[in-house]
Amino acid sequence: MIAGRPPYRAAVVVGLVVLLGYLLTLAPTVTFWDAGEFIAAARILGIPHPPGTPFWVLLAHAWGRLVPFGDYAWRLNLLSAVCGAAAAGCWFLVVHASLRRGGGDRSGWYAHGVAAAAALVAAFTFTTWQNAVEAEVYAVAMLGIALAAWLAVHWRTVRGTGGGARLLLAILYLGALSIGNHLLALLAGPAIVALLVVEARARPLGDTRARRREMAHVAVLTAAWVLLIALGLGSGALTLAAGVVALAAAAHAVRTGAGRFVLAALVVVLVGISPYLFLYLRAQQGPWINEADPSTWDALLAVIRRAQYPIRTPLDDPTVLHGPDNPGRSLTLLAAQLTTYAQYFDWQWARSLGHRELTTPLRLVVTGGAVAVGLAGAARQRRTDPSGFAFVLLLFLVTGLGLVGYMNFKPGPSVGWARWPSPGDHEVRERDYFFIASFTAWSLWVGMGLGVWMDRLSRPGTASARWAPAVLLMALLPVVGNARDASRRHGADVTLARDFARALLASVPPGGILFTWGDNDTFPLWHAQAVDGIRPDVTVVCLALAETRWYQRQLRDHRAERPPPGSLPAVWRDRPNPATHGAVHSLTDADLEAFRPQRVGDTVHLSLATGGRLTLPAGAIIAAKDLILLRIVQENAGQRPVAWALSASHKLFGAPVIQQGLALVLPVGPVDTAALVGGPAAGAEGAPLDLVTTGRLMAESWSFGALLERGAGGLEANVAAMAQTVALPYAQVGVAQLELGDTAAAVGSLRVAARLVREPAAVRAILLELGAIP
């Protein structure tokens, strides 16, 4: 290796080792939450939820077309794995360069070993690993941060040359590009600027003009970065202020002879943020997934501002809506938020040791070790590489405690229930992924700290000197300690999102309209329809989105497709397939704009064409989603089947439905009443259970992979809730079979139900009475 040349080959080897670890835990399937939406949007060049992530959509679409093998979801999961592995290679280079500043033999095998250890720890911390094996934006964001960090570190060796200026422009381009993926990468800006400034002051260039020009370059990059953050947040006031600062920095740079750099920086920023034009142009074409419909400049700005989400400032109490009645953020709440961050930090090093949420003594020992070793690494870097230390320190603080302060999350799902007993007072899921860069920063110090301990053990004359290099093997502890929980391949829920989506769609009669509630019962359906081509005849209506005008218009304008011949579940193939070319509701734009939430005075009954009625009880608040639901039901009853997912059953309004599988269905025509079961064996919300149809769906169409084999005992809370939804029909059918005297069949159904719930006491009690279990 040429002296002074970065060890790129070694970085590639480290990246390939990390990629191999990721591939062993990569699953060819979709996960819950945003992944289903992202994969579907990438496939059809759609627009996912604000801020739209246009760069990710374009990158993933191109990747999905260029990779010629594997399931489409697996291909996009692979994209995250490749980005995560490339990031690990960059972190290797960053740490290697930092160690070489320590002098001595740290430019040889020592630097390679310690840098590799740091990269492995960073790659296999729990949150990094989990996000590197699913189709999400965070692996791409972390690659942007890691690559920008390496460019900044490498800049130190080419300062004062044209190459140094080009590296700064490349860093600025990465920052601009990150707006179209996730703002997380922009949070690396303070750390990068700190590295540049500390390095420039600690090792000033010899020529005065060169020093002034270099600082002008740094000032332009800093001002442009602040402007990018303002643009990414969509804040008009902040953008104006940042623009003034950027103009001042540009004017100063021109006076120092850096006018070409200013012009190049402007071009770089414009090119970097250009993917947002994709949202504006593509939205006008009306793709099937077109969230917030940014087809006008005002709508595009609303997407960038995330206007559809409730306002929450850093000063608010996040458990209370923003406004004059908000009591403000308390110290008790801040303590809960810091506790949640500490919990997430504790997960990073060996989450598979003990309880999934709460710490255990053994895991606490590992976490304490990570803290101690990380502090040793930080102290060493502070002495030997001040600018590198400034980068890691600012990255850790800004993306850790800084985000705790700015994001102002509700208490985590496993924190603070004694003080905040309502589920609405907690985040709907764990938010550890927001702090992924903070955990990565500490991981770099852990790797360097292992080098410190190796030095201590290898002092001349000590008996342990011979075995000192074995200390670096401790970098494998996160690999072992996180493999079970970070893997997307080996868990009981590995195919649950996909299987749930297919089972729910299979429960809807041909040409049906299906009401769902939120992300986890909607996004997997979008993936099933847009990517796998399953049940395009079903119109999915997400009630959470039905509060927005753009979604209400899109529902009206959407036309479902007829299913391909022979693609319907067997139970529906002899049923009529209603026409799906009509609008699901006839509300005009003026109707939608004029609607305001209202309270029902006296009880109101709405008659249906199929018989029966919908009931609006006195005092009920009718929101926009209720208006849409009521109109869809009224206008389609008797023409198309209308169904509610079990998760949306609280919005039945008394509709005369029957349960068929995972859906509560308002049928089009007559129903075989002999197949219906009521009483104790009734379906959800007391609806009669269609035992024949549900039984056939369970036997002929549903498949839940490893979940049925392993059970739901170790699942994360939200995923376990989805498994429990799946368990309900099995339990209902089992009870019905008991009432009909078919004990053998009942035992089989109830055994399945018992495996799908985390606390199956009621189901087990029935099985005990039957003598089916000891």
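Residues numbered from 1 in each chain as written. Predicted model: local features only at pLDDT ≥ 70, side-chain atom pairs only at ≥ 80, totals over all residues. Heavy atoms only, no water.

Turning our eyes to something else, we now look at the overall build of the protein chain. Check the secondary structure of the protein chain and you find 30 helices and eleven strands. For 774 residues, the compact-globule formula gives about 28 Å, and the C-alpha radius of gyration of the protein chain, at 29 Å, lands near that figure. By principal-axis analysis of the C-alpha atoms, the protein chain measures approximately 90 × 65 × 55 Å. Counting all 774 residues of the protein chain, 57% fall into the buried class. Put simply, 72% of the contacts in the protein chain that link residues at least 6 apart link residues at least 24 apart. In the protein chain, which carries 63 positive and 50 negative side-chain charges, the distance between the mean positions of the two groups comes to 13 Å. (Helix = DSSP H or I, 4+ residues; strand = E, 2+ residues; numbered from the N terminus. Rg over C-alpha atoms; globule rule 2.2 N^0.38 Å. Buried < 20%, exposed > 50% of the residue type's maximum accessible area, 1.4 Å probe, protein only. Contact = heavy atoms within 4.5 Å. Lys, Arg positive; Asp, Glu negative; His and termini not counted. Charge placed at Lys NZ, Arg CZ, Asp CG, Glu CD.)

Glancing now at the packing of aromatic side chains. Geometry of an aromatic ring pair is reported as the spacing of the ring centres plus the angle between the planes. In this structure the tally under the stated criterion is 29 aromatic pairs. Considering the side-chain rings of Phe-38 and Trp-56, the 5.2 Å spacing of their centres and the 45° angle between planes classify their relative orientation as tilted. Placement of the pair is Phe-38 in helix α2 (residues 35–44) and Trp-56 in helix α3 (residues 54–66), with a sequence separation of 18 residues. The residues Phe-38 and Trp-56 share a single accessibility class, namely buried. The interplanar angle of 50° and the centroid separation of 5.1 Å between the aromatic rings of Tyr-344 and Trp-347 together place this pair among those described as tilted. (Phe/Tyr/Trp six-rings, centres within 6.5 Å; stacked < 30°, edge-to-face > 60°.)

A word on the environment of His-96. By the secondary structure assignment, His-96 is in helix α4 (residues 72–100). Between the C-alpha atom of His-96 and that of Val-114, which follows or precedes it by 18 residues, the distance is 7.7 Å.

Now for the pattern of salt bridges. Enumeration over the complete set of coordinates arrives at 21 salt bridges. A salt bridge links Asp-537 to Arg-535, with the shortest nitrogen-to-oxygen separation between them at 2.9 Å. Where Glu-547 meets Lys-625, a salt bridge forms, and the shortest distance between an N and an O atom there is 3.4 Å. Of this pair, Glu-547 sits in the loop between β2 (539–542) and α23 (549–557) while Lys-625 sits in helix α25 (residues 624–636), and the two are 78 residues apart along the sequence. A residue is classified by how much of its surface remains accessible, and Lys-625, at 18% relative accessible area, is buried. Via salt bridges that share partners, Arg-101, Arg-159, Glu-199 and Glu-214 belong to a single interconnected network. (Salt bridge = Lys/Arg side-chain N within 4 Å of Asp/Glu carboxyl O.)

Among the nonpolar cores identified, the biggest contains 246 residues, and Trp-56, Trp-91 and Trp-644 are the most heavily contacted of them. Sorting elements by how many residues they give to this core places α4 first, with 19 residues. (Core = buried A, V, L, I, M, F, W, Y, C linked by side-chain atoms within 4.5 Å.)

It is worth spelling out the pairing of strand β1 (residues 513–516) at this point. Each regular strand shows side chains that alternate between the opposite faces of the sheet. Burial of β1 is two-sided: the residues Ile-513 and Phe-515 facing one way and the residues Leu-514 and Thr-516 facing the other way are all buried. When β1 meets β2, the two strands line up parallel, connected through four bridges. Looking at the pairing, Ile-513 lines up with Thr-539 of β2. In terms of handedness, the path from β1 via helix α22 (residues 523–530) over to β2 forms a crossover that is right-handed. Here β1 pairs with strand β7 (residues 642–645) via three bridges, running parallel. Pairing of Ile-513 across the sheet is with Val-642, part of β7. (Pairing = 2+ DSSP bridges. Right-handed = clockwise from strand over helix to strand, strands pointing away.)

This part covers the packing of helix α28 (residues 717–739) against helix α29 (residues 743–755). A packed helix pair is summarised by two numbers, namely the angle formed by the two axes and the spacing between the axes. Direction vectors running N to C along α28 and α29 enclose 155°, while the axes themselves pass 8 Å from each other. Of the possible angle classes, the one that applies to α28 and α29 is roughly antiparallel. Handedness of the α28/α29 crossing: left-handed. Contacts between α28 and α29 involve Ala-727, Tyr-730, Ala-731, Val-733, Gly-734, Val-735, Gln-737 and Leu-738 from the first element and Ala-745, Ala-746, Ser-749, Leu-750, Val-752 and Ala-753 from the second. (Axes fitted to C-alpha atoms, helices over the stretch in contact; angles between N-to-C directions. Parallel < 35°, antiparallel > 145°, perpendicular 65-115°, else oblique. Left-handed = near helix turned anticlockwise from the far one by under 90°.)

This brings us to the packing of helix α15 (residues 331–350) against helix α20 (residues 477–486). Across the interface, α15 lies against α20 with an axial gap of 5 Å and an inter-helix angle of 110°. One way to sum up the angle between α15 and α20 is to call them roughly perpendicular. Facing α15, whose interface residues are Trp-347, Gln-348, Trp-349 and Ala-350, α20 presents Leu-477, Pro-478, Gly-481 and Asn-482. Residue composition of the contact of α15 with α20, grouped by class: five nonpolar, three polar and no charged. (Nonpolar A, V, L, I, M, F, W, Y, C, P; charged D, E, K, R; others polar.)

With 13 residues, helix α17 (residues 386–398) should cover 18 Å at 1.5 Å per step; its first-to-last C-alpha distance of 18 Å lies within 8% of that length. Within α17, the full set of buried residues consists of Ser-387, Gly-388, Phe-389, Ala-390, Phe-391, Val-392, Leu-395 and Phe-396. (Expected span 1.5 Å × (residues − 1).)

A separate point is unusual backbone geometry. Residue Pro-51 is reached from Pro-50 by a cis peptide bond, and omega for that bond is 15°. Not every positive phi belongs to a glycine, and Thr-53 is a case in point at roughly 40°. Its place among the elements puts Thr-53 in the loop between α2 and α3. Here Arg-306, not a glycine, exhibits a phi torsion of approximately 60°, which is positive. A residue is classified by how much of its surface remains accessible, and Arg-306, at 22% relative accessible area, is partly exposed.

Right, let's talk about the pairing of β7 for a bit. Across the two faces of β7 the burial is the same, with Val-642 and Trp-644 and Ala-643 and Ala-645 all buried. Relative to strand β9 (residues 663–666), β7 runs antiparallel, the two sharing four bridges. Residue pairing across strands places Trp-644 opposite Leu-664, the latter belonging to β9.

Note on placement: Asp-432 falls in the loop between α18 (401–407) and α19 (436–457). Despite its burial, Asp-432 pairs with no opposite charge, the nearest such side chain being Arg-351 at 6.1 Å. Among the polar contacts listed, one links the side chain of Asp-432 to the side chain of Thr-127, at a separation of 2.7 Å. The residues contacting Asp-432, other than those within four sequence positions of it, are Phe-126, Thr-127, Tyr-344, Trp-347 and Phe-439. (Polar contact = N/O pair within 3.5 Å; in protein donor to acceptor, adjacent residues only side chain to side chain.)

The next subject is the environment of Ala-492. Within the fold, Ala-492 resides in the loop between α20 and α21 (496–506). For the pair Ala-492 and Gly-711, spaced 219 residues apart in sequence, the C-alpha separation works out to 6.7 Å. Here Ala-492 is in contact with Ala-706, Leu-707, Arg-710, Gly-711 and Leu-715, once residues within four sequence places are set aside.

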